[in-house]
Amino acid sequence: MADSKPKTFVQSTDDVVRFLTDQHNLIKDLFEEVLSASGDDARQTAFVELRQLLAVHETAEEMVVHPRARAAVDGGDKIVDARLEEEHKAKQQLSELEKLDIGSAEFITELEKFREAVLDHAAHEEAEEFVKLSRELDAQELERMTKAVQAAEAIAPTRPHAGVESASLNFAVGPFASMLDRARDLIGSALK
């Protein structure tokens, strides 16, 4: 039976920027794992892991990182608004990918487009948001934010929910969505 808990393990836990950048690298690796899978079952397993990591990662950023960037970074509102728009589009793309036959050529084509959008989004976060947070926040705050991100990931939904890209909506809707997502994940893995 597959583990329904997303794998978000990364080495760096003392700095939120390193933690999230390590997760970006893990996401890149998971895309490659999905694309290079030897069969539909292996592709499905890797895709579920990718989907779960993307969902909890983005939720944590929306709940913890983006609000802090708005407050601490010069031009933070503009930077965060652009990232939230990208996240909304990515959630829509991911929802559409879930509807496709994982063994189809269409799935691979759409996954490659999605990968490009996600990696572009990660590059923007790292260059425009993370670098500035590293400059503006001291080591203690970066470490506290890592703990807050880990806590948010522990309760985050494991599926994309387009339209829920703000901290307030994640706090209001997130716990219920997370409960339903995690139940769906457990039931789905039990039926395999």
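Residues numbered from 1 in each chain as written. Predicted model: local features only at pLDDT ≥ 70, side-chain atom pairs only at ≥ 80, totals over all residues. Heavy atoms only, no water.

(A) Structural detail: the overall build of the protein. Scanning the protein for helices and strands turns up six helices and zero strands. Element order for the protein, N to C, with α for helix and β for strand: α-α-α-α-α-α. Counting only residues that meet the buried cut, the protein has 45% of its 192 residues in that class. Sequence-distant contacts in the protein: of pairs separated by 6 or more residues, those separated by 24 or more amount to 75%. Of the roughly 9600 Å² of accessible surface on the protein, 55% is carried by carbon and sulfur atoms. (Helix = DSSP H or I, 4+ residues; strand = E, 2+ residues; numbered from the N terminus. Buried < 20%, exposed > 50% of the residue type's maximum accessible area, 1.4 Å probe, protein only. Contact = heavy atoms within 4.5 Å. Areas by Shrake-Rupley, 256 points an atom, 1.4 Å probe, with all protein chains shown as cover.)

(B) Looking closely at the packing of helix α2 (residues 40-72) against helix α3 (residues 76-99). Here α2 crosses α3 at 160°, and the two axes come no closer than 11 Å. Relative to α3, the element α2 lies roughly antiparallel. Crossing handedness for the pair α2 and α3: left-handed. Facing α2, whose interface residues are Phe47, Arg51, Leu54, Glu58, Glu61, Glu62, His66, Ala69 and Arg70, α3 presents Gly76, Asp77, Val80, Asp81, Arg83, Leu84, Glu87, Lys91, Leu94, Leu97 and Glu98. Tallied by class, the residues present in the contact of α2 with α3 amount to seven nonpolar, two polar and 11 charged. (Axes fitted to C-alpha atoms, helices over the stretch in contact; angles between N-to-C directions. Parallel < 35°, antiparallel > 145°, perpendicular 65-115°, else oblique. Left-handed = near helix turned anticlockwise from the far one by under 90°. Nonpolar A, V, L, I, M, F, W, Y, C, P; charged D, E, K, R; others polar.)

(C) The arrangement of the packing of aromatic side chains in detail. Taken as a whole and assessed by the stated rule, the structure comprises two aromatic pairs. Consider the rings of Phe47 and Phe107, whose centres lie 5.2 Å apart with planes at 80°: the pair is edge-to-face. With Phe47 in helix α2 and Phe107 in helix α4 (residues 105-136), this residue pair connects regions lying 60 residues apart in the sequence. (Phe/Tyr/Trp six-rings, centres within 6.5 Å; stacked < 30°, edge-to-face > 60°.)

(D) Representation of the pattern of salt bridges within the structure. Applying the stated criterion to the full structure yields 14 salt bridges. Note that Arg70 and Asp81 form a salt bridge whose closest N and O atoms lie 2.6 Å from each other. One end of the pair, Arg70, is in helix α2; the other, Asp81, is in helix α3, with 11 residues separating them in the sequence. According to the relative accessible area criterion, Arg70 is partly exposed, its value standing at 31%. For Asp81, a relative accessible area of 41% corresponds to the partly exposed category. One salt bridge connects Glu110 with Lys113, and the closest N-O pair in it is separated by 3.2 Å. Of this pair, Glu110 and Lys113 both sit in helix α4, three residues apart, which is roughly one turn of that helix. Note on Lys113: relative accessible area 46%, which makes it partly exposed. Among the ionic contacts, a cluster of salt bridges with common partners joins Asp14, Asp15 and Arg18. (Salt bridge = Lys/Arg side-chain N within 4 Å of Asp/Glu carboxyl O.)

(E) Just the confidence of the model for the protein, in detail. The predicted model of the protein averages 83 in pLDDT, with 76% of residues at 70 or higher. In the predicted structure, residues 1-6 sits below a pLDDT of 50 and forms 13 contacts with residues beyond four places in sequence or in another chain. Predicted confidence is poor over residues 164-174, with pLDDT under 50, and the contacts of this stretch with residues over four places away or in other chains come to 24 contacts. (pLDDT = per-residue confidence, 0-100.)

(F) Focus on empty space enclosed by the protein. Counted according to the given criterion, the structure contains two cavities of 30 Å³ or more. In this structure, the second largest cavity encloses a volume near 30 Å³. Around the second largest cavity, the lining residues are His24, Ile27, Leu54, His57, Glu58, Val118, His121, Ala122 and Glu125. Mapped by element, the contributors of at least two residues to the lining of the second largest cavity are α1 (16-35), α2 and α4. In terms of residue class, the lining of the second largest cavity is built from four nonpolar, three polar and two charged. (1 Å grid on protein atoms, 1.4 Å probe; cavity = no way out; pocket = protein on both sides within 12 Å on 5 of 7 lines; lining within 4 Å. Points joined across faces, edges and corners; volume = space filled by probe spheres on them.)

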